[in-house]
Each structure stands twice: as structure tokens, then as C-alpha cells.
Amino acid sequence: MCTMNAKAISEGEEESSGMRNEILGESGHSGEVKRRQVILVAYLIAALDLTFLFMQMGIIPYLAKSLGLDSVGFGYLQTTFGVLQLVGGYIFGRFADQFGARAALILSCASGSVFFLLMSISTSIPLLFLSRLPGVFMHGVPGAQKIITDMTTPSQRADALGKLGFCFGIALISGSALGGILSSKFGNFVPVYIGLVGSLINTLIAVVWIPLETKPESDQHVTEHSTSQSGSLFSIAEILRLMKFPGVMEVFIVKVFSGLPIGLFMIMFSIISMDFFGLEALESGYLMSYFGVLQMVVQGLLVGKLSNYFAEMTLLRLSVFIFASVGLGMALMRTVWHYCIIAVPLMFAFSMMTTITNSILTKAVPSSDTGAMLGICASVQPLTRMVGPTIGGVLYKQFGVSSFGYLQLVVNIGLFVYLLKSKIPLREMK
């Protein structure tokens, strides 16, 4: 009798265990589906955010001119926005670390709403400058990167971050085209109104679809020595602390300097396209659309696939080597068709460098500091926009277009030799 009872109890436990495992399996599958949905929402918010920004970028020169702002004043306007983005990138990242990726993304979308609201009432130059202030918290792409970083494993991260290239490409093509069409047919403020409504919708999407906690439960409890020791949103000491982690400073230096020469070239591109290539405004628009398609294909498809087969340091060296080759091509190019050919490896190297360095750097610091690290990475482009007009103007005026290519070649050959000889220590914090 006891044997029969024991057998029945054992069978009941096995059945209960099987049912529990089945439920856990369903729960795990449901969690994976939810995680993918949240990442897709992050892609959607990033794509819409970039689209609205590209729409206003196309009409802001005409709006500034209609208010009586000359070219020097317009340069000050752009510099103001660049400074705000530079300072705000790190602050935004620290905010994401302290209050969560969801709160940071909502802050970015809400700041975008205020940005477009102020632009819609910009009937004077002071109001136009005032409309730039919310730009300090407008970081939709870093916000999406933070969510993706939190919700992916280190092995998945490069592929997931690379797919943001689709968002950028779609936004570049659709935003630039829509901004031009709407402003020419209905006036300069119509794209601004659409940006205002769209940013409000983005805010609502973030509130409804992004969960309160995006980090895995195991990452919510980090060791005391690896967490931030300062509660302030901006701290030089915190930046220096992050740079002391193994390999961070070395990779960040490569990230900044490898793309600096091509960044200077792109800042001067509007002038180069007119003076050197002899392009009209419509032809320049087609060229930008071509870049958008390349961005979608290269970063959205190739970068993620390659990261599954090759080590990230190997891909980093490859991108630096291709950057050097692109520099030689730029030094020798003479027509816009030459540039269209060079643009293919250029976009590959640029997309690879951006994605791989972001992946390496976020894995080299504790999970509690990934937002700050992404914020520092996001500050590279505004920094280039700040120093670019002055340095790029001198290079173009004194030495011509080929100087950008030679600078690109020399800098990246030096970085490639450095990467080959140095043993950069990297540590993944999972």
C-alpha cells in the first residue's frame, strides 16, 4: 500500500513538474516575443524621430532666411544646436542609467514636441534660437540604442544595433523628400506642424509600449564597485571613470579619429557639391537619397551578418583599413560619379565603425553605465559639427577637396598600425 502511494505521489510530482516546465516554456516564449516587440517599437520610434528631424533640417535654412537671419547668424544657430547636443548626449545617457531607458525615451520624445512647438511659433530670430534649447534632451537614437542594449545579449547586440541603419536610411529618404514637398506646396511651417503631432504620437507610443524596466533581472543588481558613485547627471569624474575600464579609451580614440576627416568633408559637402561637383539642389537631393539606400543595405543587412561570423576587433580593424582606402579614393576623385563609387566602401566602413564601437564600448562597461557610454558615443558627431566648419573651411580653401582624402588616408593608416600592434584588453560585463 505504501509502495503504491509512493508511486502515485512520484507520478503526481513528475506530472506537476512536466506541467510546470511546460508553463515556464510558454512563459519564456512569451517573454521572447515581448522582447522582440519592444525592440521593434524602439526601431519605429527612432525612425519617426529621425524622419521629423530631417523634415525640419530641409526647411530651417529657408525659415531662418525669411526671418532675416544671414549666413553668419545661421552658422551661430547651427553651432548652438550642436553645443546643446554635445552637452546633452552624456546628460541624457546618465539620465537613462539612473531613471531607466523608458523614462529617457519619453523625455526625448517630449522634448521633440516642445522643439517643434517652439518652431511653429518662431516669428522672430530670438524665438528661433529659443526653439533649439529642447535639443539638449532630443536623443531618440541613443534612447533606442539604450533599449536595444538592455534587451539583447552581448552576442546579439551588434546585429540589433546595426538594424538601426534601416531607420536612418528610411528617415533620410522620406524625411528629406517630405520636407521639401510639403514646404514647397503648403509653406515652411507645415513640416513643423507634422513634426509636432508626430513627436506627441511618439511620446504616447513610448508610454504605452516600452516597459518600466528594460534590463534583465540579473542586471538590476550590480556590484557596488561597478556602479556610478555620483548622483549628478553631469560629472567629469564619471566620464573619466568609464574611460578607465579596460580597452574603453583605446576604442573610443579610434572611434573619434577614424571618422573625423570624413566628418569634416560631409560638413563642407553642401559647398563642395556646388563648387567642385557642380550639382544643383535637386541633384544633391538625389545624392542624399542614394546615401540613404546605401545606409539601409549596408548597416541594416551586412554589418549584423558579419558580426555573427567574425570577432568585433577583426571588424574594427577592417573598417579602419577600408577608411584608409576610401581616403586614397577621395584624394584621387574628380567627378561626382567617382564619389558615388567611393560612397559604397565609405558607407560600409562608417556603418561598421559606428555599430561595432558602440557594441564593444557598451559591453566593456557595467550594465549600469551603458546609457552614459552611449551618450558619450552620441557626442562624437556634435563635436565634429562644432569644430568642422572652421577646420573644414581652412582645408578646403587652402588645399582643396583632395586634402580631406589625404588626411583620411594618413590618420587611418596610423590607426590601423596601432590596432595591429596593440593588444587592447576588453572585458564583457554581462
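Quick caveat: nothing in here was measured; it's all calculated off a predicted structure.

Enquirer: Sorry if this is basic, but what is going on with the nonpolar core here?
Expert: One broad trend across soluble globular proteins is that nonpolar side chains are buried collectively. Phe265, Tyr339 and Phe404 are the most contacted members of the largest nonpolar core, which totals 65 residues. Here this core gets 15 residues from one element, more than from any other, and that element is helix α15 (residues 336–364). For this core, the two domains that each supply at least three residues are domain 1 (34–213) and domain 2 (234–429). Each residue touching Phe265, except ones within four places of it in the same chain, is listed here: Ile272, Met330, Met333, Tyr339, Val401 and Phe404. In terms of nonpolar packing, the next biggest core, distinct from the first, is built from 22 residues, Ala42, Tyr43, Ile147 and Leu164 among them.

Enquirer: Which parts of the structure should I look at to understand the side chain of Ser422?
Expert: Topologically, Ser422 is positioned in the segment after α18 (402–421). A residue is classified by how much of its surface remains accessible, and Ser422, at 17% relative accessible area, is buried. Within the local environment of Ser422, its side chain forms a polar contact with the backbone oxygen of Tyr418, the two atoms lying 2.7 Å apart.

Enquirer: What is the right way to read the confidence of the model for the protein from this model?
Expert: Reading fine detail from the predicted coordinates is not recommended where pLDDT is low. With 86% of its residues at a pLDDT of 70 or more, the protein shows a mean pLDDT of 81. When the elements of the protein are averaged for pLDDT, helix α1 (residues 2–66) gives the smallest value, 68, and helix α3 (residues 101–120) the largest, 94. Considering only residues more than four positions removed or in separate chains, one finds that residues 1–26, a stretch of pLDDT under 50, has zero contacts. With pLDDT under 50 throughout, residues 221–229 is counted as low confidence; its partners more than four residues away or in other chains account for 15 contacts.

Enquirer: Is there a simple way to explain the packing of aromatic side chains in this structure?
Expert: Remark: the centre distance and the inter-plane angle together describe each pair of aromatic rings, the angle taken between the planes. In the structure shown here, the tally under the stated rule is twelve aromatic pairs. Considering the side-chain rings of Tyr290 and Phe291, the 6.2 Å spacing of their centres and the 40° angle between planes classify their relative orientation as tilted. For Tyr290, a relative accessible area of 28% corresponds to the partly exposed category. Residue classification places Phe291 among the buried residues on the basis of a relative accessible area of 6%. Clustering of aromatic rings is evident, with ring pairs tying together Phe265, Phe276, Phe277, Tyr290, Phe291, Tyr339 and Phe404.

Enquirer: Help me understand the pattern of salt bridges in this model?
Expert: Two side chains carrying opposite charge are able to pair once their charged atoms lie near each other. Taken as a whole, this structure holds nine salt bridges when the rule is applied. Across the salt bridge formed by Asp159 and Lys163, the nearest N and O atoms sit 2.8 Å from each other. Taking the shortest distance from any N to any O, the salt bridge between Lys363 and Glu312 comes out at 3.0 Å. Highlighted residues: Lys363 in helix α15 and Glu312 in helix α14 (residues 312–332), separated in sequence by 51 residues. The exposure class assigned to Lys363 is buried, which follows from its relative accessible area of 6%. Under the relative-accessibility criterion, Glu312 is labelled buried at 16%. Each of Arg94, Glu238, Arg241 and Asp369 takes part in salt bridges that share partners, so that together they form one network.

Enquirer: What exactly am I supposed to notice about the packing of helix α10 (residues 248–258) against α18 here?
Expert: Between two packed helices, what matters for the description is the angle formed by their axes and the separation of those axes. In contact at an axis separation of 10 Å, α10 and α18 are set at 165° when each is read in the N-to-C sense. On the basis of their axis angle, the class for α10 and α18 is roughly antiparallel. Note that α10 runs across α18; the crossing there is left-handed. Where α10 approaches α18, its residues Glu250, Val254, Phe257 and Ser258 are matched on the opposing element by Gln408, Val411, Asn412, Leu415, Tyr418 and Leu419. Residue composition of the contact of α10 with α18, grouped by class: six nonpolar, three polar and one charged.

Conventions used here
Residues numbered from 1 in each chain as written. Predicted model: local features only at pLDDT ≥ 70, side-chain atom pairs only at ≥ 80, totals over all residues. Heavy atoms only, no water. Core = buried A, V, L, I, M, F, W, Y, C linked by side-chain atoms within 4.5 Å. Buried < 20%, exposed > 50% of the residue type's maximum accessible area, 1.4 Å probe, protein only. Helix = DSSP H or I, 4+ residues; strand = E, 2+ residues; numbered from the N terminus. Domains from an automatic or database assignment. Contact = heavy atoms within 4.5 Å. Polar contact = N/O pair within 3.5 Å; in protein donor to acceptor, adjacent residues only side chain to side chain. pLDDT = per-residue confidence, 0-100. Phe/Tyr/Trp six-rings, centres within 6.5 Å; stacked < 30°, edge-to-face > 60°. Salt bridge = Lys/Arg side-chain N within 4 Å of Asp/Glu carboxyl O. Axes fitted to C-alpha atoms, helices over the stretch in contact; angles between N-to-C directions. Parallel < 35°, antiparallel > 145°, perpendicular 65-115°, else oblique. Left-handed = near helix turned anticlockwise from the far one by under 90°. Nonpolar A, V, L, I, M, F, W, Y, C, P; charged D, E, K, R; others polar.

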